[in-house]
Number of protein chains: 2
Amino acid sequence: MIQLYGFTGSGNCYKPALLMQQLQLPFTWIEVNILNGESRTPEFLAKNANGKIPLLEPEPGHFLAESNAMLCYLAEGSRFFPADRWQRAKILEWLFFEQYSHEPYIATVRFWVHYQKRGDELAVKIAETMPRGYAALAVMEQQLSQTPFLAGAEYSIADIALFAYTHVADQGGFDLTPYPAVQAWLHRVMTQPGYVPMVV
Amino acid sequence: MIQLYGFTGSGNCYKPALLMQQLQLPFTWIEVNILNGESRTPEFLAKNANGKIPLLEPEPGHFLAESNAMLCYLAEGSRFFPADRWQRAKILEWLFFEQYSHEPYIATVRFWVHYQKRGDELAVKIAETMPRGYAALAVMEQQLSQTPFLAGAEYSIADIALFAYTHVADQGGFDLTPYPAVQAWLHRVMTQPGYVPMVV
């Protein structure tokens, strides 16, 4: 049985969990409380030297870190990561966009505000960080004004990756009202077969 | 002919350029001076809404952003991105690690110090950022103490991705002395067939 080490409420951990539900792939969730430092213990660091969750263990003793690497690995051979070379390239483009231009702003502000309750204390830092999150939403809005899903006509792991933190961006104080195509896409993702909500 | 829009001295732009040299794939380099805002003009934003370089145009009017997505796309079918599913997963793990845990610290400090000459002005910010760069180097050191290349026995696009900014980390003030396995690996990469140095 595949094991997934994750922290409830983490969008990065939700990504492979949602995909495995949609692939009807059974797995066991092992809770790792990052707020208590449980991803930095010697035991966990022996599994992932980078000390981060999620961590996938598809076979005993075989560990894979990085949520978007998991999406590629798990979706291989399925309609969520099609074989067409250009289609795959565009999906990967969105996966890297998510980790570089979206997650560090949208997920990070949410973490400060929603989990650490430091919204007031970090007000200046948050005001500096939010415009980069909005810039990422604007890039998504432009694409989703043209195609129903991020990589084109079909739902793929690119949508799972970007959905994870976009649909809870409001918990960090982001206002999605100016992004109607993003909002319509959120609804489209939530009505996909096998969709399960994130536990927050 | 493949076109690559890039900024000389950018490690992200060097990645696909190095790979294409090693694949013996001819391409044209189009210089985009990001210091003059040339990646934020309406003309460039029409090619890449995210306003970033590198940008690959493998066929006229077909654009691919994100350096590591380019590596996957270009290396498809070659020994630099082998077909084995687990091997690919481990390579992708390093590619995402690079963009999330390495580049934002090591490349960013180098940009401030080497290009913007703001080392003194940003001293506090740099002191806060560097430990996360060193943490990334420590993760690499642990892997490279066990295997000659990041994803195992063979040179792959994972090595190209991590080499790009690691080999010029000293330009941001990073000291690689405590990382002997990383240093030996840098030398190993530089002696690969088809290796070309980055123009800085």
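In this text the structure is predicted, and so the values were computed from the model without any measurement.

J.: Sorry, what's going on with the overall build of chain A here?
T.: Looking only at helices and strands, chain A has 7 helices and 4 strands in total. The linear arrangement of helices and strands in chain A, starting from the amino end, is β-α-β-α-β-β-α-α-α-α-α. Against the compact-globule benchmark of 16 Å for 200 residues, chain A has a radius of gyration of 17 Å, which places it among compact chains. Seen through its principal axes, chain A has C-alpha atoms that stretch 45 × 45 × 25 Å. Residues classed as buried in chain A amount to 56% of the 200 residues present. Put simply, of all contacts in chain A between residues at least 6 apart along the chain, 69% involve residues at least 24 apart. Surface summary for chain A: the accessible area is close to 8,300 Å², and the carbon and sulfur share equals 54%. If you average the places of the 14 positive and of the 19 negative side-chain charges in chain A, the two averages end up 3 Å apart.

J.: In this structure, what is going on with the nonpolar core? I would like to understand it.
T.: Nonpolar side chains tend to gather and get buried jointly when the protein is soluble and globular. Met140, Ile157 and Trp185 of chain A together with Met140, Ile157 and Trp185 of chain B are the most contacted members of the largest nonpolar core, which has 123 residues in total. Excluding residues that lie within four positions of it along the chain, Trp185 of chain A makes contacts with Met140, Leu144, Pro148, Phe149, Leu150, Asp159, Leu162, Phe163 and Thr166 of chain A.

J.: What is the right way to read the sheet that holds strand 4 (residues 62–65) of chain A from this model?
T.: Backbone hydrogen bonds are what pair the strands of a sheet, in a parallel or an antiparallel way. The mixed open sheet is built from 4 strands, whose spatial order is 2-1-3-4 (chain A). Both edges of this open sheet fall to strand 2 (27–31) and strand 4 of chain A, since each of them pairs with a single strand only. Across the sheet, the axes of successive neighbouring strands diverge by a mean angle of 25 degrees, strand direction being ignored. Here strand 3 (residues 55–59) of chain A pairs with strand 4 of chain A via 3 bridges, running antiparallel. Residue Glu59 of chain A lies in a different strand from strand 4 of chain A, and its bridge partner there is His62 of chain A. Against the sheet, helix 1 (residues 11–22) of chain A makes contact with strand 1 (2–6), strand 2 and strand 3 of chain A, and its axis sits at roughly 150 degrees relative to strand 1 of chain A, the strand it touches most. In the packing of helix 4 (residues 85–115) of chain B onto the sheet, contacts are made with strand 3 and strand 4 of chain A, and the angle to strand 4 of chain A comes to roughly 40 degrees.

J.: Sorry, what's going on with the relation of the copies chain A and chain B here?
T.: To go from the first copy of the chain to the second, apply a rotation about an axis and then a shift along the same axis. For the pair chain A and chain B, the relating rotation is 180 degrees, the translation along its axis is 0.0 Å, and the fit reaches an RMSD of 0.0 Å. Expressed as an axis order, the relation between the two copies is that of a two-fold axis. The position closest to the rotation axis in chain A is occupied by the C-alpha of Tyr100 of chain A, lying 3.1 Å away. Comparing interface residues between copies, 100% of those in chain A also lie at the interface in chain B; the contact surface is shared.

J.: When you look at the packing of helix 5 (residues 123–144) of chain B against helix 7 (residues 180–190) of chain B in this model, what are you seeing that I'm missing?
T.: Angle between the axes and distance between the axes are the two parameters that describe a pair of packed helices. Residue and element names in this part refer to chain B. Look at helix 5 against helix 7: their axes get within 8 Å of each other, and the N-to-C directions meet at 75 degrees. Overall, the two elements helix 5 and helix 7 adopt an arrangement that is roughly perpendicular. Facing Leu137, Met140, Glu141 and Leu144 of helix 5, the residues of helix 7 in contact are Pro180, Ala181, Val182 and Trp185. When the residues that make up the contact of helix 5 with helix 7 are grouped by side-chain class, the tally is 7 nonpolar, no polar and 1 charged.

J.: Quick question: what am I supposed to make of the side chain of Ser156 of chain A here?
T.: All names here are of chain A. With respect to the element layout, Ser156 can be found in the loop between helix 5 (123–144) and helix 6 (157–166). Using a relative accessible area of 2% as the deciding quantity, one classes Ser156 as buried. Separated by 3.1 Å, the side chain of Ser156 and the backbone nitrogen of Ala158 make a polar contact. Aside from chain neighbours lying at most four places away, what touches Ser156 is Phe80, Ile91 and Ala151.

J.: What is the right way to read the interface of chain A and chain B from this model?
T.: How large an interface is tends to be reported as the accessible area lost when its parts come together. Listed as interface residues are 32 residues of chain A and, on the opposing side, 32 residues of chain B. Of the roughly 3,000 Å² buried between chain A and chain B on both sides combined, carbon and sulfur atoms contribute 66%. Summed over the three residues of chain A that lose the most area to chain B, namely Trp86, Phe96 and Tyr100 of chain A, the buried surface amounts to 25% of that side. Scanning the region where chain A abuts chain B turns up 0 salt bridges. Inspection of the chain A/chain B interface yields 10 residue pairs in polar contact (both at pLDDT 80 or more). Breaking the side of chain A that touches chain B down by element, the ones donating at least two residues are strand 4, helix 3 (67–75), helix 4 (85–115) and helix 5 of chain A. The leading source of residues in the side of chain A that touches chain B is helix 4 of chain A, at 15 residues. Of the residues belonging to the side of chain A that touches chain B, the class tally is 18 nonpolar, 6 polar and 8 charged.

Cut-offs and rules
Residue numbering note: each chain is counted from 1, following its sequence as written. Whichever chain is written first is A, and whichever ligand is written first is 1; the rest continue in order. Totals for whole chains, interfaces and linings use every residue, but because this is a predicted model, local features are given only for residues with pLDDT of at least 70 and side-chain atom pairs only at 80 or more, for both listing and counting. Note that the side-chain values use all heavy atoms of the structure and ignore hydrogens as well as water. Numbered from the N terminus, helices here are DSSP runs of H or I no shorter than four residues, and strands are runs of E no shorter than two. With the radius of gyration taken over C-alpha atoms, the globule rule is written as 2.2 Å times the number of residues to the power 0.38. Residue burial is assigned from relative accessible area. The probe radius is 1.4 Å, only protein chains are included, and a residue is buried under 20% of its type maximum, exposed over 50%, and partly exposed in between. Any two residues having at least one pair of non-hydrogen atoms within 4.5 Å are treated as being in contact. Note on areas: Shrake-Rupley with a 1.4 Å probe; residue coverage comes only from the protein chains shown. Note on charges: Lys and Arg go in the positive column, Asp and Glu in the negative column, and His and the chain ends are not counted at all. Lys charges are placed at NZ, Arg charges at CZ, Asp charges at CG and Glu charges at CD. Buried residues of nine kinds, namely Ala, Val, Leu, Ile, Met, Phe, Trp, Tyr and Cys, make up a nonpolar core once their side-chain atoms join them within 4.5 Å. One requirement defines pairing of two strands: DSSP has to find at least two bridges between them. Each axis is a line fitted through C-alpha atoms, taken for helices only over the stretch in contact, and angles between the N-to-C directions span 0 to 180 degrees. Least-squares fitting of one copy onto the other uses the C-alpha atoms of those residues that reach a pLDDT of at least 70 in both copies. Note on terminology: angles under 35 degrees are roughly parallel, angles over 145 are roughly antiparallel, angles of 65 to 115 are roughly perpendicular, and the others are oblique. Any residue that is not Ala, Val, Leu, Ile, Met, Phe, Trp, Tyr, Cys, Pro, Asp, Glu, Lys or Arg is counted as polar, Gly included; the first ten are nonpolar and the last four charged. Whenever two N or O atoms come within 3.5 Å, that pair is a polar contact, provided that in protein one can donate a hydrogen and the other can accept it, and provided that, for residues adjacent in sequence, both atoms are side-chain atoms. Buried area is calculated as the accessible area (1.4 Å probe) missing from two parts once they are joined, with the contributions of both summed. Within this document, salt bridges are pairs made up of a side-chain nitrogen of Lys or Arg and a carboxyl oxygen of Asp or Glu, the two lying within 4 Å of each other.

All quantities given are derived from atomic positions and should not be read as evidence of function.
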